[in-house]
Structures are given as structure tokens and as C-alpha cells.
Amino acid sequence: MTLTITQKIATQKTVVAAEADAGGRLDRVLAVHLGELSRSRLKALIEAGAVAVDGRTIRDPSHRVNSGDAILVEVPPPLPAKPAAEPIALKVVYEDADIIVIDKPRNLVVHPAAGNWTGTLVNALVAHCGDSLSGIGGERRPGIVHRLDKDTTGLMVVAKNDRAHRGLAAQFADHGKSGEPFERGYLALVWGAPERPHGTVDKPIDRNPHARDRMAVRDGGREAVTHWQVLERYGGESGGTVGDRTGKAKKAVKKASEPVASLLACRLETGRTHQIRVHLASIGHPIMGDEVYGSGFRTKSALLPQNAQVALAGLGRQALHAYILRLKHPSSGEIIEFKSELPADLRRLHHALADIQGNSGRVGKKS
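### Topic: the overall build of the protein chain
When helices and strands are tallied, the protein chain shows 7 helices and 19 strands. Long-range contacts, defined here as pairs at least 24 residues apart, represent 68% of the contacts in the protein chain between residues at least 6 apart. Just so you have it, the protein chain exposes about 18,400 Å², and 49% of that area is on carbon and sulfur atoms.

### Re helix α4 (residues 162-174)
Taking 1.5 Å per residue as the helical rise, α4 with its 13 residues ought to reach 18 Å, and the 18 Å between its terminal C-alpha atoms agrees with that figure. Packing partners of the buried residues in α4 comprise β7 (99-104), β8 (153-159), β9 (183-191) and β17 (320-328). For α4, the N-terminal capping position is held by asparagine 161, with its side-chain oxygen 3.3 Å away from the main-chain nitrogen of arginine 163. Directly beyond the C-terminal end of α4, a positive phi value near 50 degrees is found at histidine 175.

### A few points about the pattern of salt bridges
When the charged atoms of two side chains lie near each other, side chains of opposite charge can form a pair. Under the counting rule described, the total for this entry stands at 15 salt bridges. Across the pair glutamate 95 and lysine 160 runs a salt bridge whose closest N-O atoms are separated by 2.9 Å. A residue pair is termed long-range when its members are at least 10 positions apart, and glutamate 95 in strand β6 (residues 92-95) and lysine 160 in the loop between β8 and α4 qualify at 65 residues. Given a relative accessible area of 33%, glutamate 95 falls into the partly exposed group. Lysine 160 gets classed as buried once you look at its relative accessible area, which sits at 12%. Between lysine 339 and glutamate 337 there is a salt bridge whose closest N-O contact spans 4.0 Å. Residue classification places lysine 339 among the exposed positions, given a relative accessible area of 60%. By sharing partners, the salt bridges in this structure join Arg25, Asp27 and Arg39 into a single network.

### Brief notes about the packing of helix α1 (residues 26-33) against helix α2 (residues 39-47)
Contact geometry of α1 with α2 gives a least axis separation of 9 Å together with a crossing angle of 130 degrees. With respect to α2, the element α1 is oriented oblique. Like other packed secondary-structure pairs, α1 and α2 cross with a definite hand, here right-handed. Across the interface between the two elements, Leu26, Asp27, Arg28, Leu30 and Ala31 from α1 touch Arg39, Leu42 and Ile46 from α2. When its residues are assigned to classes, the contact of α1 with α2 shows 5 nonpolar, no polar and 3 charged.

### Here we look at empty space enclosed by the protein
For the structure on display, the rule yields 1 cavity of 30 Å³ or more. Reported here for the largest cavity is a volume of approximately 40 Å³. Lining the largest cavity, in full, are His146, Leu148, Leu155, Arg184, Gly185, Tyr186, Ala322, Ile324 and Leu325.

### Re a positive patch on the surface
Positive charge collects at one region of the surface, where Lys43, Arg141, Arg147, Arg207, Arg212 and Arg218 lie side by side. You can see arginine 141 is positioned in the loop between α3 (121-129) and β8.

### Overview of the pairing of β6
Across 3 bridges, the pairing between β6 and β7 is antiparallel. If you follow valine 92 over to β7, its bridge partner there is isoleucine 102.

### Thoughts on the packing of aromatic side chains
In total, this model carries 2 aromatic pairs according to the counting rule given. The interplanar angle of 45 degrees and the centroid separation of 5.5 Å between the aromatic rings of tyrosine 94 and phenylalanine 338 together place this pair among those described as tilted. Residue tyrosine 94 is located in strand β6, and its partner phenylalanine 338 is located in strand β18 (residues 335-339); the two are separated by 244 residues in the primary sequence. With a centroid separation of 4.9 Å and an interplanar angle of 75 degrees, the aromatic rings of phenylalanine 172 and phenylalanine 182 are classed as edge-to-face. Of this pair, phenylalanine 172 sits in helix α4 while phenylalanine 182 sits in the loop between α4 and β9, and the two are 10 residues apart along the sequence.

Rules behind the numbers
Residues numbered from 1 in each chain as written. Predicted model: local features only at pLDDT ≥ 70, side-chain atom pairs only at ≥ 80, totals over all residues. Heavy atoms only, no water. Helix = DSSP H or I, 4+ residues; strand = E, 2+ residues; numbered from the N terminus. Contact = heavy atoms within 4.5 Å. Areas by Shrake-Rupley, 256 points an atom, 1.4 Å probe, with all protein chains shown as cover. Expected span 1.5 Å × (residues − 1). Polar contact = N/O pair within 3.5 Å; in protein donor to acceptor, adjacent residues only side chain to side chain. Salt bridge = Lys/Arg side-chain N within 4 Å of Asp/Glu carboxyl O. Buried < 20%, exposed > 50% of the residue type's maximum accessible area, 1.4 Å probe, protein only. Axes fitted to C-alpha atoms, helices over the stretch in contact; angles between N-to-C directions. Parallel < 35°, antiparallel > 145°, perpendicular 65-115°, else oblique. Left-handed = near helix turned anticlockwise from the far one by under 90°. Nonpolar A, V, L, I, M, F, W, Y, C, P; charged D, E, K, R; others polar. 1 Å grid on protein atoms, 1.4 Å probe; cavity = no way out; pocket = protein on both sides within 12 Å on 5 of 7 lines; lining within 4 Å. Points joined across faces, edges and corners; volume = space filled by probe spheres on them. Patch = residues over 30% accessible without salt bridge, like charges linked within 9 Å, V, L, I, M, F, W, Y side chains within 5 Å. Lys, Arg positive; Asp, Glu negative; His and termini not counted. Charge placed at Lys NZ, Arg CZ, Asp CG, Glu CD. Pairing = 2+ DSSP bridges. Phe/Tyr/Trp six-rings, centres within 6.5 Å; stacked < 30°, edge-to-face > 60°.

Structure, rendered in C-alpha cells:
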């Protein structure tokens, strides 16, 4: 069998796999036969859903190809080398000649990538800052020192020149381990509640071998450390009384009811992709609304009162917010700290949970 490549339209390429391709990875087979596209570019197209095998969309670059498979690749039109300026509103918390701190809303991707080439935070920053953003992160990530997930809200700092970028990057790499005054703090509404008031998750994280768009706790992965503290517990009973068969004698007993949810403050010691979401799920307390790492807890919404169920259903994202950022200014050396209140959607869920009967209330104070 011979290989056939047909250019159907300007943005489509069709490959019919040869016998020699049988058993090969999809991204490697395409890289061999579509030499004008790099393997990394093809991998990104596959993960973005732009490749179909015999009419079925395949998002796994390691998918094994069979002889005779008809592979259709949708290649988007060329994009400008640099992200275009787009008039997207930003909530600016602080700005000077070196840095800009923004309070990122939900549903905003940080930088252009496959599937999100426009409408990103970078496009908004280019419009706001012009050419002043640092170029260290590359043309598609100007000024970007760290990231938040698309639907995680809260504080981000961006470098406006290369010197500031280097100074900030060193602090994010160290994460306060050397004693520098640095902190990245998050608030998370999670299912259930840890028994202890505080603790640490020290588990390595790597790509999930079965789903490349997800992360997982894996031996041999990159070091990942998350510190957590319970601020509030919602629901659950601490004790009660029952009578004997005659109804005369009573004794105190501990009820089995457990808190249905809790509010945690999390502090990062490392900065891995999806770190807090993966770590909290690994200890049995996934973040509420997280369809990637907490989908197995979806039925627990039935344990919530009606107003909390409505608030959770309307959330449409993980209940995670970057509420505090403390660092040393890269030029002046001054210690600066920023805080962000919960956005409206998380406030609604938080208030509904706090009204649960039996709420044990605030149990810890963020120090």
C-alpha cells in the first residue's frame, strides 16, 4: 500500500497510512509524512481536536495508527508571529513602570495556544501595555511569569521589562524556600473536610499517562508541595444524646455525620500545573465544581440544601481563587502584598454553604 496525501483545501491535509505506519504513534506518523509541520505543531493540533482518523476525532497524540487509516488534519490559517492587541477589559490592582498586577476573571486563558489563539490575557495586556512587556517569556507569552488556569480567578503579576521578569521569575522559582518574603495563597471550597486543622500534601505531579490534558500524582514526577489550612467547615454534627429501649436512660453519643464541605486556605511551595486541584483530590477533598479532578463527587450535591445546589450548578468552574500575592518588588526591593475578595459566583456558593444547619463555622484563622 502506498501513501496518499491530498490537499483538499488550503487548510486540510489527508493522509492514508501505509503498512509501514501500522502501530506507530499518530503524531510521529503525521510528522514523517507532513514534513512542513513540526511534531510539536502536530501534537498541538491533535490535542485541540483538529485531527480525525476514519472520521473519528482523536485527541491523543499516542494513538496507534493502523494500515489504511484515513487521517484528516485541519490546519488553521497562519497566525501573526506576535499576539494582536485586543480591547479586553482588565481589573488592574496595581501598576508601575516594572510590573502590573491584575485580578483575573473566570473564563480567561492566560496566553495564546492551540484552541485559544485570541481573546487571551496576553492579547489584553498587549493592548494595555503596548510594547513595554518583557520578552523573556517568548513572543506568545510576553511578560508572563506565572499562570492561572482558565477558570481560576484571582491575582497575577506580569513583568513589563526584562529586568523585572528575571527578578520575579527567581522569586517564583524559589517560592520562599530561601526565606524571602514570598507567598501565593488560594481559597478553595472543597467537598468534605480534613480532620486535622492544617497539613501538607507533598506528592510529585506529572502528566496523566491516560489523559495528556490532565495531571496526576505520579512517582518520578516533579516535586510538588501544597500547604493547607481549614478555615471553615459546613454541616456535620459534633454530638448528641440517645435513650435506651425503655426511654429512661440517656447517654451522650458522637453522631456519624461528617461536614459536607469546607473552606481551605492553600499556600504553594511549588508551582506545578493544576497543583492544588490534583493535590486536594488526592487526599479525598476535591474542589467543588471541578469536573476534571472531582467528577466522582458530582452526586454529593444532593447533600446540599437547595440554595447551595443552585449556587454550585451555576458556578460552572472549580471553586478556586488566588486571593493573596506577596512578593519583593523587582526594582525597589520593597515588600508588596495584594489581596482579592472572592468573586460574586464564589461568594454566592460560600454564603449558601455557611447557612447549612449544623455549620461548625470558622475553625481557623489564616495567619
